[in-house]
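What the coordinates show
Chain by chain, the residues run as shown.
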Amino acid sequence: MLEKIKLWNSKKTKEGSQEGIGELDKNSIPQHIAIIMDGNGRWAKKRALPRIAGHHEGMKVIRKITRIANSLEVKTLTLYAFSTENWKRPKVEVDYLMKLPEEFLSTFLPELIEENVRVTMMGDEGEIPSHTLNAVQKAMEQTKDNTGLQLNFALNYGSRSEILQATKDVLKDVKNGIISEEDITDELFSSYLMTKSMSDPDLLIRTSGEMRLSNFMLWQLAYTEFWFTDVLWPDFNEQHFIQAIEEFQRRSRRFGGLQSEES
Ligand code: FPP
């Protein structure tokens with residue numbers, strides 16, 4: 001059943017009225033939204049600022065999008081914060097990116113707790129500096145019983161290495177007789193991935209005009225709807241997020257089958 005919700009800009013106009021920023025069907029909000037937050041460097045360059053200024057501005061956008069996703073009752077928001085390939089960047093930039101989770105959480109953790117958000121992380125913990133990992137783990141611990149939005153940071157994440165690791169773990173379990181070859185299905189394989197307790201993303205957003213996956217959730221995105229925008233991540237706001245969901249709601253998802261009226 002169609003149940004419309006009208007979204008308003010939180011800021012009032014000069015005349016004191018509120019501006020409508022979109023209309024969504026409450027019953028088909030994507031359960032899991034994944035975002036490749038791209039364009040921080042270009043945003044900074046346009047302003048003759050160092051690249052890290054773009055990352056800092058990008059961090060602030062995370063707060064806005066977390067709040068609106070939570071209020072729309074999205075279940076999971078996965079954010080690609082640092083890829084296994086991002087270590088190739090200059091050390092100053094890497095060091096700065098590794099400080100951002102701490103800064104974000106030291107500023108916003110009380111608000112996340114208040115808003116019932118649960119923080120999680122996926123990625124290879126091995127190479128992440130302990131100060132970064134400790135901050136994220138502390139937030140995970142403090143929010144573990146929250147029942148609202150799951151805010152899932154992909155940090156030192158790479159999809160190919162995730163799939164390779166899952167394959168090795170499956171093989172080990174076959175060798176040890178825990179599972180047999182016949183047990184290996186889509187569902188079983190999914191349960192060996194870092195996303196084992198989540199549904200696959202329904203919607204993927206990538207900002208900044210790039211149209212590639214950059215080693216992000218290659219298995220999980222098999223039937224996901226993609227939405228690309230030229231907007232750079234630091235300029236991304238609630239209105240763009242709603243636009244992406246409006247477009248998602250206009251799409252017909254067939255998962256390789258047919259529309260019911262076509263069969
Ligand atoms: C890609 O833009 C962005 C990143 C590699 C980092 C994204 C990180 C954040 C938005 C902040 C993370 C904060 C927390 C709390 C985890 P780019 O640098 O590749 O931009 P460009 O393509 O314009 O150079």
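Residues numbered from 1 in each chain as written. Predicted model: local features only at pLDDT ≥ 70, side-chain atom pairs only at ≥ 80, totals over all residues. Heavy atoms only, no water.

The volume enclosed by the largest pocket comes to roughly 700 Å³. Forming the boundary of the largest pocket are 32 residues, of which Met37, Tyr80, Ala81, Phe82 and Asn86 lie nearest the centre. Residue assignment for the lining of the largest pocket shows that the elements contributing at least two residues are α1 (40-46), α2 (51-71), β4 (76-83), α3 (91-114) and β6 (150-157). (1 Å grid on protein atoms, 1.4 Å probe; cavity = no way out; pocket = protein on both sides within 12 Å on 5 of 7 lines; lining within 4 Å. Points joined across faces, edges and corners; volume = space filled by probe spheres on them. Helix = DSSP H or I, 4+ residues; strand = E, 2+ residues; numbered from the N terminus.)

Time to look at α2. With 21 residues, α2 extends 31 Å between its outermost C-alpha atoms, agreeing within 8% with the 30 Å of an ideal straight helix rising 1.5 Å per residue. Buried residues of α2: Gly54, His55, Gly58, Met59, Val61, Ile62, Ile65, Thr66, Ile68, Ala69 and Asn70, and no others. Tucked inside the fold, the buried residues of α2 contact β3 (32-36), α1, β4, α3, β6 and α7 (238-250). Two residues or fewer after α2 comes Glu73, characterised by a positive phi angle close to 65°. (Expected span 1.5 Å × (residues − 1). Buried < 20%, exposed > 50% of the residue type's maximum accessible area, 1.4 Å probe, protein only. Contact = heavy atoms within 4.5 Å.)

Time to look at the UniProt feature "active site" (unreviewed entry) in the protein. Mapped onto this numbering, the UniProt entry gives "active site" (unreviewed entry) at Asp38 and Asn86. Annotated residues spanning 49 residues; largest pairwise C-alpha distance 12.4 Å, indicating a single compact cluster. Checking the named residues against the largest pocket, the ones that line it are Asp38 and Asn86. Positionally, Asp38 belongs in the loop between β3 and α1. Excluding residues that lie within four positions of it along the chain, Asp38 makes contacts with Arg206, Thr207, Ser208, Glu210, Leu232 and Trp233. One polar contact links Asp38 to Ser208, side chain to side chain, over a distance of 3.1 Å. By the secondary structure assignment, Asn86 is in the loop between β4 and α3. By relative accessible area, which is 15% here, Asn86 ends up buried. Only 2.8 Å separates the side chain of Asn86 from the backbone nitrogen of Ser83, close enough to count as a polar contact. (UniProt positions renumbered as here; feature names shortened; annotations may be inferred. Polar contact = N/O pair within 3.5 Å; in protein donor to acceptor, adjacent residues only side chain to side chain.)

Among the five residues of β3, five are classified as buried, and the element is accordingly described as predominantly covered. Sheet analysis places β3 next to β4, joined by five bridges and oriented parallel. Across the sheet, His32 pairs through a bridge with Thr76, a residue of β4. (Pairing = 2+ DSSP bridges.)

Taken together, 19 residues form the shell around the ligand, and within it Gly41, Arg42, Arg51, His55 and Arg89 come nearest. The backbone of Asn40 places a nitrogen or oxygen atom 3.2 Å from an oxygen atom of the ligand. Here Arg89 contributes a side-chain N or O atom positioned 2.8 Å from an oxygen atom of the ligand. Judged by its atoms lying within 2 Å of the grid points, the ligand is housed in the largest pocket. (Near = heavy atom within 4 Å. Sits in = over half its atoms within 2 Å of the grid points.)

Another aspect to go through is the packing of aromatic side chains. Note on aromatic pairs: each is described by the distance of the centres and the angle between the planes. In this structure the tally under the stated criterion is nine aromatic pairs. Between Phe189 and Trp219, the ring centres sit 4.7 Å apart and the planes meet at 50°, which makes this aromatic pair tilted. Remark: Trp219 occurs in the loop between β7 (203-206) and β8 (225-228) and Phe189 occurs in helix α6 (residues 186-190); sequence separation between them is 30 residues. The class for Phe189 is buried, based on a relative accessible area of 11%. According to the relative accessible area criterion, Trp219 is partly exposed, its value standing at 28%. When the centroid spacing of 6.1 Å and the interplanar angle of 85° are considered together, the rings of Phe226 and Phe228 count as edge-to-face. What makes Phe228 partly exposed here is its relative accessible area of 29%. By way of ring pairs, the aromatic residues Tyr80, Tyr157 and Phe216 are connected into one cluster. (Phe/Tyr/Trp six-rings, centres within 6.5 Å; stacked < 30°, edge-to-face > 60°.)

The subject of this paragraph is the nonpolar core. Among the nonpolar cores identified, the biggest contains 50 residues, and Ile35, Leu77 and Phe241 are the most heavily contacted of them. At ten residues, α3 tops the list of elements feeding residues into this core. Setting aside chain neighbours within four positions, we find Phe241 in contact with Ile33, Ile35, Ile65, Ile68, Ala69, Leu72, Leu77, Ile205 and Phe236. Listed in part, the ten residues of the second largest apolar core include Ile36, Tyr80, Ala154 and Phe216. (Core = buried A, V, L, I, M, F, W, Y, C linked by side-chain atoms within 4.5 Å.)

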